[in-house]
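Listed here are the chains, written in short residue letters.
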Amino acid sequence: MEDGTLKSLGYCGDTDGDYDVLQWDTREDCEVRQILDRVADKWSLLVIALLDRRSLRFTELRRMIDGVSQRMLTRTLRHLERDGLVSRTVHPTVPPRVDYELTSLGVTLHSTIRALVTWTETHQNEIAAARTAYDARVRAEEQAAEAAAAERAEIAHNALAGIH
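Residues numbered from 1 in each chain as written. Predicted model: local features only at pLDDT ≥ 70, side-chain atom pairs only at ≥ 80, totals over all residues. Heavy atoms only, no water.

Attention now moves to the pattern of salt bridges. One pass over the structure, following the stated rule, counts 4 salt bridges. The shortest N-O distance in the salt bridge between Arg 38 and Asp 83 comes to 3.0 Å. Pair noted here: Arg 38 is in helix 1 (residues 32–39) and Asp 83 is in the loop between helix 4 (70–82) and strand 2 (86–91), with a separation of 45 residues, a long-range link. According to the relative accessible area criterion, Arg 38 is buried, its value standing at 15%. In this structure Asp 83 comes out as partly exposed when scored by relative accessible area, which is 28%. Arg 114 serves as the salt-bridge partner of Asp 52, at 3.8 Å between the closest nitrogen and oxygen. (Salt bridge = Lys/Arg side-chain N within 4 Å of Asp/Glu carboxyl O. Helix = DSSP H or I, 4+ residues; strand = E, 2+ residues; numbered from the N terminus. Buried < 20%, exposed > 50% of the residue type's maximum accessible area, 1.4 Å probe, protein only.)

Okay, structure coming up:
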């Protein structure tokens, strides 16, 4: 195989060890960035989490996900279905009943999401403390900058007053 030749369409190289995260946007035929954008958005994460235990109807999902519009939930479900993470089953009833459930691929993603949630729960206090410290530091820097600007203005005012 020639240097620079991809093994197959969509092959992104070895993601172990020394992979270069900056190549996600530049590697030809690699959809890593697009897939991450899709599965890591807040609506997709919630849908995947909710479908972990059982299949749900569209109306159940919409009721359970606070703030999602019908349009956004429809788009999210279509994208997840297209990516092979969610399956859609239409039952021939009146009115039609549509159920959504995770595919086996979606189940594997859910375990990754669960690990992320567990990490977040474990470290939430550290993150809250870091945010508080950051906010205090930024406030102190802004106050110091304002005090320095006021001092410069005072000096300029006094200098101009002394000239007249």
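Here we take up the pairing of strand 2. Inspection of the sheet shows strand 2 paired to strand 3 (residues 97–102) by 6 bridges, in the antiparallel sense. Bridging across to strand 3, Thr 89 finds its partner in Asp 99. Connecting strand 2 to the antiparallel partner strand 3 that follows it, the hairpin turn spans 5 residues. (Pairing = 2+ DSSP bridges.)

Within the largest apolar cluster, 20 residues are counted, with the highest numbers of intra-cluster contacts made by Val 47, Leu 51, Leu 61, Leu 73, Leu 77, Val 86 and Tyr 100. Contributing elements (two or more residues each) for this core: helix 2 (42–50), helix 3 (58–64), helix 4, strand 3 and helix 5 (104–163). Every residue in contact with Leu 77, bar those within four places of it in the chain, is listed here: Val 47, Phe 58, Leu 61, Val 86 and Tyr 100. (Core = buried A, V, L, I, M, F, W, Y, C linked by side-chain atoms within 4.5 Å. Contact = heavy atoms within 4.5 Å.)

Each pair of packed helices gets described by two things: the angle between the helix axes and the distance between those axes. The N-to-C vectors of helix 2 and helix 5 enclose an angle of 110°; their axes lie 10 Å apart at closest approach. Classified by the interaxial angle, the pair formed by helix 2 and helix 5 is roughly perpendicular. Contacts from Leu 45, Ile 48 and Ala 49 in helix 2 reach Gly 106, Leu 109, His 110 and Ile 113 in helix 5. Here the residues of the contact of helix 2 with helix 5 are counted per class, giving 5 nonpolar, 2 polar and no charged. (Axes fitted to C-alpha atoms, helices over the stretch in contact; angles between N-to-C directions. Parallel < 35°, antiparallel > 145°, perpendicular 65-115°, else oblique. Nonpolar A, V, L, I, M, F, W, Y, C, P; charged D, E, K, R; others polar.)

A separate point is the packing of helix 2 against helix 4. At a minimum axis separation of 10 Å, helix 2 and helix 4 run at an interaxial angle of 70°. When the axis of helix 2 is compared with that of helix 4, the two are roughly perpendicular. Counted together, Trp 43, Ser 44, Val 47 and Ile 48 of helix 2 and Met 72, Leu 73, Thr 76, Leu 77 and Leu 80 of helix 4 form the full contact between these two elements. Of the residues that constitute the contact of helix 2 with helix 4, the class distribution is 7 nonpolar, 2 polar and no charged.

This part is about helix 5. His 123 marks the point of greatest bend in helix 5, at about 60°. Among the residues of helix 5, those classed as buried are Gly 106, Leu 109, His 110 and Ile 113. Residues of helix 5 that are buried make contact with helix 1, helix 2 and strand 3. (Bend = angle between axes of the 7 residues up to and from the residue.)

The next thing to look at is the side chain of Asp 99. With respect to the helices and strands, Asp 99 occurs in strand 3. Taking relative accessible area as the criterion, Asp 99 reaches 8% and is therefore assigned buried. At 2.7 Å, the side chain of Asp 99 and the side chain of His 91 are in polar contact. If near-sequence neighbours (up to four positions away) are discounted, Asp 99 is found in contact with Ser 55, Leu 56, Arg 57, Ser 87, Arg 88, Thr 89 and His 91. (Polar contact = N/O pair within 3.5 Å; in protein donor to acceptor, adjacent residues only side chain to side chain.)

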